[in-house]
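For reference, the chains in residue letters:
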Amino acid sequence: MELTKRKLKILQAIINDYITNAEPVGSRTLSKREDISFSAATIRNEMADLEEMGYLTHPHTSAGRVPSDKAYRLYVNELMNKPKLSAADKRNIKKHLKVNVNELDETIKHAARLLSTITNLTSFVISPTNDEEMIRLVQFIPMDEETVLMMIVTKSGRVSNTAIKMNMDYTAEQLQILGKSFTYNFQGKRLSEVLKHHIIEAFESDMIAMNSLADMVMPNFMKTLEKMLDVELYLDGLTNIFDLPEYTNLDRAKSFFKLLERRDDFRRQILEREDGVIVTIGDENMDDSLNECSLITASYHVDGRLVGKLGVIGPTRMKYGEITSIIEYLTDNLSNSFTIGDGNEDDNR
């Protein structure tokens, strides 16, 4: 079945209406719109086709339809408009982000607060990382029958020691080989690069036990790198969800808060996202607890160096175009606030 221009027009109208009103959209409602010239009967037929194609769902016994994750993805990729920010919003953002580079930590908190205030969603920001730190050496040293000391040494000479409790047999020789393998795979790589692409090169095919050993120590390895990077996650606007129709259900609201309570898991998911402005919708999120949420993130820089990420989390029914514009402008100005130079910004973007 072809996604015709008429179907696209109707789908876009349904998405816009549902984003605004949070109510299933019916054919009669659409037929009354000035920008829709089709009869209610024609709209009903097209809506039935769109549902069959997976772009709409039919909740409960309602005569209306709501967009699916597939529809939102099409909308973000092809249909949405990104409005320009108002002059007042631009002034507000620039006012709060014009600070000294030594106040970066406070500035990113301001950025998260601004983002939650403007979007009325829950915002988050990942603090700057020591991205220049590179791994020089990894060693695993047996302490006793159940404990192994993991030592990570960076090129700057920084040393981190972590005691790992083991629940499998191992030998000193295996630990020595494992340390050499980690060193070989991660030597010369930045800590943040390893966190983002935590893929171990395949061990020798006949070392099945070694693969199991690597799987056991890898979570501790990753957690140690995070601590070495001193990455912090800031959240703001947590109570904003109570203003959203999706979270009038108390159980769903509790589920949302439980997700954010798992800060380490949530922080890792944000760190693993690609650079630039990234939108993930519903089932596109790796964590099952995010299947009813959308995340929009963007990267910010200091003197051209990637140092953190900022974004929002909320229901899949969000104003993607408007929020994307806000996040892009905010991260641009956050980056400019810490760039050596005059920091001039073109407000006509």
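Just so you know, these numbers come straight off a predicted model, no measurement behind them.

Student: What's the story with the environment of Lys 70 in this structure? I'm lost.
Tutor: Looking at the element boundaries, Lys 70 is found in helix H4 (residues 69-79). Residue class for Lys 70 comes out partly exposed when judged on its relative accessible area of 42%. As for Lys 70 and Asp 283, which are separated by 213 residues in sequence, their C-alpha atoms are 9.5 Å apart. Look past the residues within four positions of Lys 70 in its chain and what remains in contact with it is Met 53, Gly 54 and Tyr 55. Here Met 53 takes part through its backbone oxygen, which lies 2.8 Å from a polar atom of the side chain of Lys 70.

Student: What is the right way to read the packing of helix H1 (residues 5-21) against H4 from this model?
Tutor: When two helices pack together, their arrangement is given by the angle between the helix axes and by the axis-to-axis distance. In the contact formed by H1 and H4, the axes pass within 11 Å of each other and the chain directions differ by 105 degrees. With respect to their mutual orientation, H1 and H4 come out roughly perpendicular. Contacts between H1 and H4 involve Leu 8, Leu 11, Gln 12, Ile 15, Asn 16, Tyr 18 and Ile 19 from the first element and Ala 71, Tyr 72, Leu 74, Tyr 75 and Leu 79 from the second. Split by residue class, the contact of H1 with H4 holds 10 nonpolar, 2 polar and no charged.

Student: Got a minute to help me understand the environment of Lys 94 in this structure?
Tutor: As for its position among the elements, Lys 94 is in helix H5 (residues 87-97). Classification of Lys 94 by relative accessible area gives buried; the value is 16%. Taking C-alpha positions, Lys 94 is 9.5 Å from Tyr 329, a pair spaced 235 residues apart along the chain.

Student: Is there a simple way to explain the sheet that holds strand S4 (residues 135-142) in this structure?
Tutor: Reading across from one edge, S4-S5-S6 is the order of the 3 strands in this open sheet, with antiparallel pairing throughout. A single partner strand is all that each edge strand has here, and the edge strands are S4 and strand S6 (159-165). Looking at each pair of strands side by side, their axes are set apart by 20 degrees on average, direction ignored. When strand S5 (residues 147-154) meets S6, the two strands line up antiparallel, connected through 7 bridges. The residue bridging Ile 152 from the neighbouring strand is Ser 160, located in S6. In the packing of helix H7 (residues 172-186) onto the sheet, the strands contacted are S4 and S5, and the crossing angle to S4 comes to about 165 degrees.

Student: What's the story with the packing of aromatic side chains in this structure? I'm lost.
Tutor: To describe a pair of aromatic rings, one takes the distance between the centres and the angle between the planes. Per the counting criterion, the structure on display carries 9 aromatic pairs. With a centroid separation of 5.8 Å and 70 degrees between ring planes, the pair formed by Phe 182 and Phe 186 is classed as edge-to-face. Here Phe 186 and Phe 182 lie together in helix H7, a separation of 4 residues that amounts to about one turn. For Phe 182, a relative accessible area of 1% translates into the label buried. Judged by its relative accessible area of 2%, Phe 186 falls in the buried class. Taking the centre distance of 5.0 Å and the plane angle of 90 degrees together, the rings of Phe 182 and Phe 221 count as edge-to-face. In this pair, Phe 182 sits in helix H7 while Phe 221 sits in helix H9 (residues 208-229), placing the two residues 39 residues apart along the sequence. Here the aromatic cluster, defined as three or more aromatic residues joined through ring pairs, consists of Phe 140, Phe 182, Phe 186 and Phe 221.

Student: Help me understand the pattern of salt bridges in this model?
Tutor: Where charged atoms from two side chains of opposite charge come close, those side chains can pair. As enumerated under the stated definition, the model contains 14 salt bridges in all. A salt bridge links Asp 265 to Arg 262; the nearest nitrogen and oxygen atoms lie 3.4 Å apart. Here the salt bridges do not stand alone but share partners, grouping Arg 6, Lys 7, Glu 46 and Asp 49 into one network.

Student: Explanation requested: H5 in the structure shown.
Tutor: Each turn of an α-helix holds 3.6 residues, which means side chains three or four residues apart point in the same direction. For H5, every residue scored as buried is listed here: Lys 90, Ile 93, Lys 94 and Leu 97. For H5, the buried positions fall inside an angular range of 95 degrees around the axis, keeping them on one side. Turned more than 90 degrees off the buried face of H5, the exposed positions are Arg 91 and Lys 95.

Student: Looking at this model, I keep getting lost on the nonpolar core. Mind explaining?
Tutor: What tends to happen in soluble globular proteins is that the nonpolar side chains get buried as a cluster. Core analysis: the biggest nonpolar cluster contains 94 residues, and Phe 140, Phe 182, Phe 221, Leu 225, Ile 313 and Tyr 320 have the highest contact counts within it. Of the residues forming this core, the biggest block, 9 residues, is contributed by H9. Apart from the residues lying within four places of it in its own chain, the contact partners of Tyr 320 are Tyr 72, Tyr 75, Val 76, Met 80, Val 279, Ile 281, Ser 294 and Ile 296.

What counts, and at which threshold
- Residues numbered from 1 in each chain as written.
- Predicted model: local features only at pLDDT ≥ 70, side-chain atom pairs only at ≥ 80, totals over all residues.
- Heavy atoms only, no water.
- Helix = DSSP H or I, 4+ residues; strand = E, 2+ residues; numbered from the N terminus.
- Buried < 20%, exposed > 50% of the residue type's maximum accessible area, 1.4 Å probe, protein only.
- Contact = heavy atoms within 4.5 Å.
- Polar contact = N/O pair within 3.5 Å; in protein donor to acceptor, adjacent residues only side chain to side chain.
- Axes fitted to C-alpha atoms, helices over the stretch in contact; angles between N-to-C directions.
- Parallel < 35°, antiparallel > 145°, perpendicular 65-115°, else oblique.
- Nonpolar A, V, L, I, M, F, W, Y, C, P; charged D, E, K, R; others polar.
- Pairing = 2+ DSSP bridges.
- Phe/Tyr/Trp six-rings, centres within 6.5 Å; stacked < 30°, edge-to-face > 60°.
- Salt bridge = Lys/Arg side-chain N within 4 Å of Asp/Glu carboxyl O.
- Arc of directions from axis to C-beta.
- Core = buried A, V, L, I, M, F, W, Y, C linked by side-chain atoms within 4.5 Å.

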